[in-house]
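The chain contents come next:
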Amino acid sequence: MPGAILERHGDVAVITIDNPPVNAMSVGVPSAILARLAEAQLDAAIKAVVVRGGGGGTIAGADIRMFGKPWPADEPTLRDVIAAFETSPKPVVAALRGSCLGGGLELAMSAHYRVAGADASVGQPEVKLGFPPGAGGTQRLPRLAGVDAALPMIVEGNPIGAARALEFGVVDRVVDGDPLAGALAFARERVAAGGPHPRARDKAAKVNDPKIFEATRAAVARRARGLRAPLACIECVAAAVNLPFDDGVKRERAIFEACMASPESAALRHVFFAERAIGKVPGVAKDTTKKTIAKGGVVGSGTMGTGIAMNFANAGIPVKLFDADAVALKRCMATIEKNYAGSVARGSLAKDKADKAFALIQPVSDLATFADVDMVIEAVFEEMPIKLEVFRALDKACKPGAILASNTSYLNIDTIADAVPARHGDVLGTHFFSPANVMRLLEVVRTKSVSAETLMTVLDLGRRMRKVPVVAGACHGFIGNRMLEGYFREAVFLLEEGASPTQVDKAITDFGFPMGPFTVGDLAGLDISWRKRKAGEAGRDKTKRYSPLGDRLCERGRFGQKTGAGYYRYEAGSRAPIPDPEVDDLIVAVAKEQGIARRSIGDEEIVQRCLHPLVNEGARILDDGIALRAGDIDIVWLNGYAFPAWRGGPMHWADTVGLSGIVVTIERFGRDHDFWEPARLLVRLAREGRHFADLDKEDAHA
Ligand code: T1G
């Protein structure tokens, strides 16, 4: 039962919140804190109260699992605790260790004083869940820190460290080590000095820069397009300046409740839990022993190998980068050096850190040097015979037990594993996204025979590399790229049927993606998929519709931005897509040749035609066991394909649209178009009136 513990340290009562792992304010916690506080008030020997989080000290705020569910009527809330601290006749000191976030910081700000350990951090991250703080955070933080410091903290939701918090006036003292001793000492000092003890509510919320609200609104409009919560946060902080404290708190609460009920918040809360579920592999214990990865190796110094080597180095792991081609290797090292210099110039990486990382990358031209590496990632050409040759060579070069990973994006990883039968348990896929040193998604692809130890080691390594590692089964395109095929296919079909690249891209950016499919295609290079199509031409199902449009563009040398022309044209030195009449003419000609009558197409159809294939293929991927959870598919799309987080990912979005509606639409499209057959799982869920989220809940309870 979550609760709170009271201990007496002489004349100071210490209340420790006891709700592992993060001391969230679950049902039972507020009442327990209030009961301990009441004990302390009644005890005449007690002169002051210290409150802190148990375990590592984190106080993560409200219990996010409770949102959208009714709070028991007879259970006090966090706001009752806040009121009790603030009106306490005995001074209250919050001792902060670890992360003190959201309602945790609101609680701490209702105390009279705050003492932080040097490792503590404080923040109001609520905006990331789609709402502003709801227990006075937007009123107290600007009063303690000033609006100029508080507004970005609340609108962006990023925590600050103890030193910053001291500078801003959010905490009163920073101490080394466990802050309990410091808080006890501080409490006694304040008791000796006598009251009255300060309350955040009695201060004024000072504004230094009179343009700060206007500037923040403009920045939010640019950066957080379509999002409601950041604007709501600004409105709440404005209330701290313009209204008396109690009115400001009321205003904040009303805005908080409206945001909490929004689809945006439901989506972001789904993402919060989906992000935390990805590390859990059914049937594999979380504490499975992991291998030590102290030395890495990368084979291939092309674009992917370059980025992957940087990932090892950024995680502090020395890495050998192999290429038999000395010229390519030299070029690659120059690129890496340039990348680090760029990060330093942009201010995103300190010079000494960049130098340290660069020094960890050792170019090598002999695979025999891989004898001491713990893990190798192969990133050579995407052709099976070459990959097999590399794996056989690695089999000879590497020590027993070394993990051998392939960065293949489409090839059958089981075939690769079969090339090194003695190492079956050590082989798997690590599918990085380009540029590999920047993109956060990492698909960790299981072979039939990979060991739990290897799998969990690589998930862990992914996190050390600051990636978002998602487990995928072996199949063509794994999770993300397998779904992408239908998205691009329909986008091109829409052009033939009457839409323009601009119209399709706009409908998709209006939905919330940062770029539409044709801007993305031009950016990535149209020649890559052209080459792939040519290679697969013999195996293509000729009974199904095929658009030659992409091929025709490439035949004209229109490879996208790199050639100054693709679906759009580009002025020299500019990345801004400009509609091109030549493409419009080509589209009309191709449509005519295919016997397609062009018509006017609405944005709603564009969104459905592009996104329903994602949902449908996602359902097949779940049914096939390629993804462990619908939430995993959402995380793949958020981190690898820029699906808007506030829509929750394609599967969550489908749940909000309603699966039966999606099935009806897919069946309707299927009457006129190839490729539209509703997935078995989608049909079953729709018939049962259920959602993808229901499957994930079943899984979590299994
Ligand atoms: N509620 C419920 N569960 C939570 C939780 C929370 N606030 N925070 C974490 N968990 C669970 C999480 O799902 C996971 O569970 C486990 O704890 C460990 O988390 C009134 C409205 C604190 C920095 O947004 O940022 O206060 O997967 O893996 O890496 O204004 O958790 O093990 O079953 O993330 O050590 C605002 C959210 C709430 C903080 C720790 N607070 N949490 O990171 O562990 S709204 C937040 C975090 C609010 C007031 C309002 C991080 C962390 P499981 P973890 P971690």
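Preceding this paragraph is the structure being described.
Keep in mind that this is a model prediction, so the values were computed, not measured.

Trainee: How would you sum up the site of the ligand? Please name residues and give values.
Mentor: Not every one of the 28 residues close to the ligand is listed here, only the nearest: Gly 103, Glu 106, Glu 126, Arg 276 and Lys 280. In the model, an oxygen atom of the ligand is placed 2.8 Å from a nitrogen or oxygen of the Glu 126 side chain. Contacts to the ligand include Arg 276, whose side-chain N or O atom sits 2.6 Å from an oxygen atom. Within the complex, 72% of the 1,000 Å² of free accessible area of the ligand lies under protein. Here the element with the most residues in the shell around the ligand is helix 11 (residues 263-277); it accounts for three residues. In the shell around the ligand, the residues fall into 17 nonpolar, six polar and five charged.

Trainee: Could you give me a rundown of the packing of helix 4 (residues 137-145) against helix 9 (residues 229-242), with the residues and numbers involved?
Mentor: Two numbers describe how helix 4 lies on helix 9: the axes approach to 8 Å, and their chain directions differ by 60 degrees. In terms of orientation, helix 4 and helix 9 fall into the oblique class. The handedness of the crossing between helix 4 and helix 9 comes out as right-handed. Contacts between helix 4 and helix 9 involve Thr 138, Gln 139, Pro 142 and Arg 143 on the former and, on the latter, Cys 236, Val 237, Ala 239 and Ala 240. Split into classes, the residues belonging to the contact of helix 4 with helix 9 amount to five nonpolar, two polar and one charged.

Trainee: Report on helix 25 (residues 630-640), specifying residues and quantitative values.
Mentor: Most of helix 25 sits inside the fold, with eleven of its eleven residues counted as buried. Those residues of helix 25 that sit buried are Ala 630, Gly 631, Asp 632, Ile 633, Asp 634, Ile 635, Val 636, Trp 637, Leu 638, Asn 639 and Gly 640.

Trainee: Explain the side chain of Ser 406 to me, using residue names and the numbers behind them.
Mentor: Along the chain, the position of Ser 406 falls in strand 14 (residues 403-406). At 2.6 Å, the side chain of Ser 406 and the side chain of Glu 378 are in polar contact. From its side chain, Ser 406 meets the backbone nitrogen of Thr 408 in a polar contact 3.1 Å long. Beyond its immediate chain neighbours, meaning those up to four positions away, Ser 406 contacts Glu 378, Lys 387, Phe 391, Ile 413, Ile 416, Leu 428, Gly 429 and Thr 430.

Trainee: Now, about unusual backbone geometry: what can you tell me, with residues and values included?
Mentor: Of note, the amide linkage connecting Gly 195 to Pro 196 takes the cis form, showing an omega dihedral of -5 degrees. Tracing the backbone through its elements, the reader meets Pro 196 in the loop between helix 7 (179-193) and helix 8 (212-223). Note the cis peptide between Ser 434 and Pro 435, where omega equals -5 degrees. Inspection of the secondary structure puts Pro 435 in the loop between strand 15 (427-432) and strand 16 (441-445). Despite not being glycine, Arg 466 shows a phi value in the positive range, around 65 degrees. Take Arg 466: its relative accessible area is 65%, and that puts it in the exposed class. A positive phi angle is found at Phe 478, which is not glycine, with a value near 50 degrees. On the secondary structure map, Phe 478 appears in the loop between strand 17 (468-472) and helix 18 (480-497).

Trainee: An account of the pattern of salt bridges is needed here, citing residue identities and associated values.
Mentor: Under the counting rule described, the total for this entry stands at 54 salt bridges. With its nearest N and O atoms 3.2 Å apart, the salt bridge here joins Glu 257 to Arg 253. Of the two residues, Glu 257 and Arg 253 both sit in helix 10 (residues 245-260), four residues apart, roughly one turn of that helix. One salt bridge in this structure joins Asp 426 and Lys 291, with 3.1 Å as the shortest N-O distance. With a gap of 135 residues between them, Asp 426 in the loop between helix 16 (413-418) and strand 15 and Lys 291 in the loop between helix 11 and strand 10 (296-299) connect regions that are remote in the sequence. Taken individually, Asp 426 and Lys 291 each receive the classification buried, so the pair is uniform in this respect. In this structure, a network of salt bridges that share partners links the residues Arg 489, Glu 490, Glu 496, Glu 497, Arg 545, Arg 599, Glu 605 and Arg 609.

Trainee: Go over the sheet that holds strand 16 with me, naming the residues and quoting the values.
Mentor: If you walk across this open sheet you meet the eight strands as 12-11-10-13-14-15-16-17, and the pairing is mixed. Since the sheet does not close on itself, it has two edges, and those belong to strand 12 (361-364) and strand 17, each with one partner. Adjacent strand axes in the sheet meet at a mean angle of 25 degrees when their direction is disregarded. As defined by bridge partners, strand 10 adjoins strand 13 (residues 375-378) across four bridges and the pair is classed as parallel. Bridge pairing in strand 13 links Gly 297 to Val 376. Packing against the sheet, helix 13 (residues 326-346) makes contact with strand 11 (319-322) and strand 12, and its axis sits at approximately 165 degrees to strand 12.

Trainee: Outline a nonpolar patch on the surface, supporting the account with residue identities and numerical values.
Mentor: On the surface, a nonpolar cluster with roughly 210 Å² of combined accessible area is contributed by Met 515, Val 520 and Leu 523. One can find Val 520 in helix 20 (residues 517-524).

Trainee: Before we move on, could you go through empty space enclosed by the protein and cite the residues and values that matter?
Mentor: Applying the stated criterion to the full structure yields one cavity of 30 Å³ or more. In this structure, the largest cavity occupies an estimated 40 Å³ of space. Among the secondary structure elements, those contributing two or more residues to the lining of the largest cavity are strand 3 (48-53) and helix 7. Of the residues assigned to the lining of the largest cavity, the class counts are three nonpolar, two polar and three charged.

Trainee: Please give an account of the packing of helix 18 against helix 25 that cites residues and values.
Mentor: Each pair of packed helices can be described by the angle between their axes along with the distance between the axes. Direction vectors running N to C along helix 18 and helix 25 enclose 70 degrees, while the axes themselves pass 10 Å from each other. Between helix 18 and helix 25, the interaxial angle falls into the category roughly perpendicular. Across the interface between the two elements, Gly 480, Met 483 and Leu 484 of helix 18 pack against Ile 633, Val 636 and Trp 637 of helix 25. Broken down by class, the residue content of the contact of helix 18 with helix 25 amounts to five nonpolar, one polar and no charged.

Thresholds, definitions, all that
- Sequence order as written defines residue numbering, which begins from 1 separately in each chain.
- Thresholds applied to this predicted model are a pLDDT of at least 70 for local features of residues and 80 or more for the giving and counting of side-chain atom pairs; totals over whole chains, interfaces and linings are not thresholded and use all residues.
- Side-chain metrics rest on all non-hydrogen atoms present in the structure, leaving aside hydrogens and water.
- Whether a residue is near a molecule or strand is decided by its heavy atoms; if any one of them lies within 4 Å of it, the residue is near.
- Polar contacts, as counted here, are pairs of nitrogen or oxygen atoms within 3.5 Å of one another; within protein the pair requires one atom able to donate a hydrogen and one able to accept it, and residues that are adjacent in sequence qualify only if both atoms are side-chain atoms.
- Where accessible areas are quoted, they stem from the Shrake-Rupley method and a 1.4 Å probe; at the residue level, only the protein chains shown are allowed to cover.
- Segments assigned H or I by DSSP are reported as helices when at least four residues long, segments assigned E as strands when at least two residues long, and all are numbered from the N terminus.
- Side-chain classes are defined by residue name, with Ala, Val, Leu, Ile, Met, Phe, Trp, Tyr, Cys and Pro counting as nonpolar, Asp, Glu, Lys and Arg as charged, and the others, Gly among them, as polar.
- Axis lines are fitted through C-alpha atoms, for helices just across the contact stretch, and the angle between N-to-C directions can take any value from 0 to 180 degrees.
- The cut-offs work like this: below 35 degrees is roughly parallel, past 145 is roughly antiparallel, 65 to 115 is roughly perpendicular, and the gaps in between are oblique.
- The crossing is said to be left-handed when, going from far helix to near helix, the turn is anticlockwise and less than a right angle, and right-handed when the turn is clockwise.
- Pairs of residues are marked as contacts when any of their non-hydrogen atoms sit within 4.5 Å.
- Exposed residues in this analysis have more than 50% of their type's maximum accessible area, buried residues have under 20%, and partly exposed residues fall in between, with area computed by a 1.4 Å probe over protein chains only.
- By salt bridge we mean one thing: a side-chain nitrogen of Lys or Arg within 4 Å of a carboxyl oxygen of Asp or Glu.
- Here, strands pair whenever DSSP counts at least two bridges between them.
- Each patch is built from residues lacking any salt bridge and having more than 30% relative accessible area; the joining distance is 9 Å for like charges and 5 Å for nonpolar side chains (Val, Leu, Ile, Met, Phe, Trp, Tyr).
- In this analysis, the protein atoms alone were mapped onto a 1 Å grid. Cavities are point sets where a 1.4 Å probe fits without being able to get out; pockets are open sets with protein on both sides within 12 Å along at least five of seven lines; lining residues have an atom within 4 Å of a point.
- Grid points are joined across faces, edges and corners, and a volume is the space filled by probe spheres set on the points.

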